Amino acid sequence: MKRVDLITGRERWAVKSTGVLCLLLLFPLSVLAQTTVSTIEGTIKDAQGSVVAGAQVVVKSPSLGIERTATSDANGFYRVTALPAGIYTLSISHTGFAARTFDNVELTVNRTLTLDIPLEVGAVSEQVDVVEYAQLLNPTTAATGTTITPQQIREMPTNGRNYLDLMQLVPGVVINRQANVGSDNSTPVLGERAGNNNFLIDGQPNKDTVNGGAASQFNQETIAEFQVLTAGFRAEFGQASGAIVNVITKSGGNEYHGLASIFFRNNVFDTSNSLDPTEDEAPFLQRWDYSLALGGPIVKDKVFFFGSGERIRENRRLNFIFPPGTPQVARNFENQFGNPARIFDTRGFLKFDEQLGGHSLSQSVSYTNGNVREFLPLSNATDLPSRRNDTGARHLLLGFSDTVLAGDRSNPWVLTLRGGYRGDTSETRPAHPEAGVGTTFNMFSSNNTGGLF
């Protein structure tokens, strides 16, 4: 198997020159850089353990509209590559042997699944096997980590429906609840700060290089599955001394699937702060989360779409505690600014996939717009109400990829082209400019009341 892979996609970059592309096609590159697709391989033998050459292998996924073929070589070895994550059927046939079929073969992201197949000699009926579990160990790589499967994303509870909270299922990963989501301290891996992790979405970079964590947030219904590599990952990932968070989004298929959901949360089941004797009930909280997702065919077996949208609205009374010794006059002044934090977050995603001959094309657009009023960072909870900020952030992510299978269908060249564009804008402004000069209580400095005194 020969592979040629060209990876592009820096922030704020788009493919504009076809001349450079044509030049690169003239010089094949032997680079193993498949980060989102997977491979099924193995050896075919008869009942006596002798290899079977020339066996026909067919891999199908009717829901994804994919069918690939391969032929075992003189050593009985076969390989079917460039397969997106999903559920497949594997069929093997050869003259003089009973045909064999494997159903429910689960292939996860960036994985090489080894499936050795024995064939029975003679004209017996076809044998059908059901593979009920995925291969737990991957002997083709030295990387350590875990893949968060679609079932886990669908069934595991998460606080706030942030799919990255499921990283807690990966050994060596800790979710820091005292840090802000997406900050440099929120998801340390094996002692590394979160800013040392690299985040990918469908092969495109999605790392917040300023604050750490993921730049664009995605509706949980958009995520198909993701892989967290903690050590020993291959060189094509790079740009990380911590972990690689390799995320893939859902795609449409030959059947229509949709989902609509509403999540509501309030403070009824919350508890008060046991460290504050003046607090006899939990702070006010009201959170609404509306979500819609739909995917299906545009042209059966050829063109598919998937789209999702989410709207989050939250009002939260901030659990602020005045430092000991705060003058009563300062308390009275600050109480007028002690408003609930208000969060407004909108997320949209649209993706098209096409199976055209030897080309597997994909185009996607993601847009998020988040605004927070009266923001109080968890990592700096001593900021007085008059010092809180209003923040806003918008993220636009465009992605394009084309995986080309060329040459012999049993031993094709694999060429992957990727291009992308990212636009990230943010703003921060005082929530209460009328409060005057900054007032801050900090354990490393004396009390400063600014213009109040």
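Given the structure is predicted, the values throughout are model-derived calculations rather than measurements.

Enquirer: I keep staring at the overall build of the protein and nothing clicks. Help me out?
Expert: Along the backbone of the protein there are 3 helices and 22 strands. Sorting the 453 residues of the protein into buried and exposed places 46% on the buried side. Residue pairs in contact within the protein that sit at least 24 positions apart in sequence constitute 67% of those at least 6 positions apart. Roughly 23000 Å² of accessible area belongs to the protein as shown, and the carbon and sulfur atoms make up 56% of that amount.

Enquirer: I tried to follow the pairing of strand β20 (residues 359-375) on my own but got confused; where do I start?
Expert: Side-chain direction in a regular strand flips from residue to residue, so the side chains alternate between the two faces of the sheet. Inspection of the sheet shows strand β19 (residues 341-356) paired to β20 by 15 bridges, in the antiparallel sense. Along β20, the bridge assignment pairs F344 with N371. The antiparallel pairing of β19 with β20 creates a hairpin that spans 2 residues between the two strands, and G357 there sits at a positive phi of about 60°. Bridge count for β20 against strand β21 (residues 389-406) is 15 bridges, and the pairing is antiparallel. Within the sheet, the bridge partner assigned to G370 lies in β21 and is A393.

Enquirer: Would you take a moment to explain the packing of aromatic side chains for this structure?
Expert: For any two aromatic rings, the description comes down to two numbers: the centre-to-centre distance and the angle of the planes. Inspection of the entire model under this criterion finds 6 aromatic pairs. Residues Y163 and F226 carry aromatic rings whose centres are separated by 5.6 Å and whose planes lie at 75° to one another, so their mutual orientation is edge-to-face. Here Y163, found in the loop between α2 (150-155) and β12 (198-201), pairs with F226, found in strand β14 (residues 223-231); they are 63 residues apart in sequence, far enough to count as distant. Since its relative accessible area comes to 2%, Y163 is described here as buried. Given a relative accessible area of 0%, F226 falls into the buried group. Here a set of aromatic residues connected by ring pairs shows up, and it is made of F218, F306 and F349.

Enquirer: How should I be thinking about the sheet that holds strand β15 (residues 244-249) in this particular structure?
Expert: Remark on secondary structure: sheet strands pair via backbone hydrogen bonds, oriented parallel or antiparallel. Reading across the sheet, the 5 strands line up as β11-β14-β15-β12-β13 and stay open at both edges, with mixed pairing between neighbours. The open sheet is flanked by β11 (144-148) and β13 (204-205), the only strands paired with a single partner. In this structure, β11 lies alongside β14, joined through 5 bridges in antiparallel fashion. Considered in β14, the bridge of T146 is made with V228.

Enquirer: Any chance you could explain the environment of F237 here in plain terms?
Expert: Mapped onto the fold, F237 is located in the loop between β14 and β15. In this structure F237 comes out as buried when scored by relative accessible area, which is 7%. In this view, F237 contacts T35, N110, N198, L200, L229, I244 and N246; residues no more than four positions away in its chain are not counted.

Enquirer: Is there a simple way to think about the pairing of strand β18 (residues 303-316) in this case?
Expert: Pairing of strand β17 (residues 285-299) with β18 involves 14 bridges; the strand directions are antiparallel. Looking across to β18, one finds that L294 is bridged to G307. Counting the residues in the hairpin turn of β17 and β18 gives 3 residues, including D301, whose phi is positive at 70°. When β18 meets β19, the two strands line up antiparallel, connected through 14 bridges. Bridging from a neighbouring strand, R311 pairs with T346 of β19.

Enquirer: Honestly, the confidence of the model for the protein in this entry has me stumped. Any pointers?
Expert: For residues with low pLDDT, the predicted coordinates do not support detailed interpretation. Looking at the protein, pLDDT values average 80 and 79% of them are 70 or higher. In this model, residues 1-32 is a region of pLDDT below 50 whose contacts with residues beyond four sequence positions or in other chains number 64 contacts. Every residue in residues 441-448 scores below 50 in pLDDT, and together they form 8 contacts with partners more than four places removed in sequence or on other chains.

Enquirer: Explain unusual backbone geometry to me, please; I cannot follow it from the model alone.
Expert: The phi torsion of most residues other than glycine is negative, and most of the peptide bonds are trans. Phi at N104 takes a positive value of approximately 60°, unusual for a residue other than glycine. One can find N104 in strand β7 (residues 100-107).

Enquirer: Please clarify how the side chain of S61 should be interpreted in this entry.
Expert: Along the chain, S61 falls in strand β3 (residues 56-61). We classify S61 as buried; its relative accessible area is 1%. Once you skip the residues sitting within four places of it in the chain, S61 turns out to touch I66, I87 and Y88.

Enquirer: In this structure, what is going on with the environment of G213? I would like to understand it.
Expert: Inspection of the secondary structure assignment puts G213 in the loop between β13 and β14. Under the relative-accessibility criterion, G213 is labelled buried at 4%. The spatial distance from the C-alpha of G213 to the C-alpha of N196 is 8.7 Å, given a sequence separation of 17 residues.

Enquirer: Even after reading the chapter, I still don't get the pattern of salt bridges, so can you show me in this structure?
Expert: When the charged atoms of two side chains lie near each other, side chains of opposite charge can form a pair. Applying the stated criterion across every chain yields a total of 10 salt bridges. The partner of E221 in a salt bridge is R161, with the nearest N and O atoms 2.6 Å apart. Linking E221 in the loop between β13 and β14 with R161 in the loop between α2 and β12, this pair joins segments that are 60 residues apart in sequence. The pair E221 / R161 is uniform in exposure class, with both members buried. Taking the shortest distance from any N to any O, the salt bridge between E314 and R287 comes out at 2.8 Å. Here E314 is found in strand β18, whereas its partner R287 is found in strand β17, with 27 residues between them in sequence. The same class applies to E314 and to R287, which are both buried. Among the ionic contacts, a cluster of salt bridges with common partners joins R161, E221 and D289.

Enquirer: Even after reading the chapter, I still don't get the environment of R331, so can you show me in this structure?
Expert: By the secondary structure assignment, R331 is in helix α3 (residues 328-335). Overall, R331 belongs to the partly exposed group, its relative accessible area being 25%. Linking R331 and L384, residues 53 residues apart in sequence, is a C-alpha distance of 9.6 Å. Those residues in contact with R331 that lie beyond four places of it in its chain are F322, P323 and T326.

Parameters and conventions
Residues numbered from 1 in each chain as written. Predicted model: local features only at pLDDT ≥ 70, side-chain atom pairs only at ≥ 80, totals over all residues. Heavy atoms only, no water. Helix = DSSP H or I, 4+ residues; strand = E, 2+ residues; numbered from the N terminus. Buried < 20%, exposed > 50% of the residue type's maximum accessible area, 1.4 Å probe, protein only. Contact = heavy atoms within 4.5 Å. Areas by Shrake-Rupley, 256 points an atom, 1.4 Å probe, with all protein chains shown as cover. Pairing = 2+ DSSP bridges. Phe/Tyr/Trp six-rings, centres within 6.5 Å; stacked < 30°, edge-to-face > 60°. pLDDT = per-residue confidence, 0-100. Salt bridge = Lys/Arg side-chain N within 4 Å of Asp/Glu carboxyl O.

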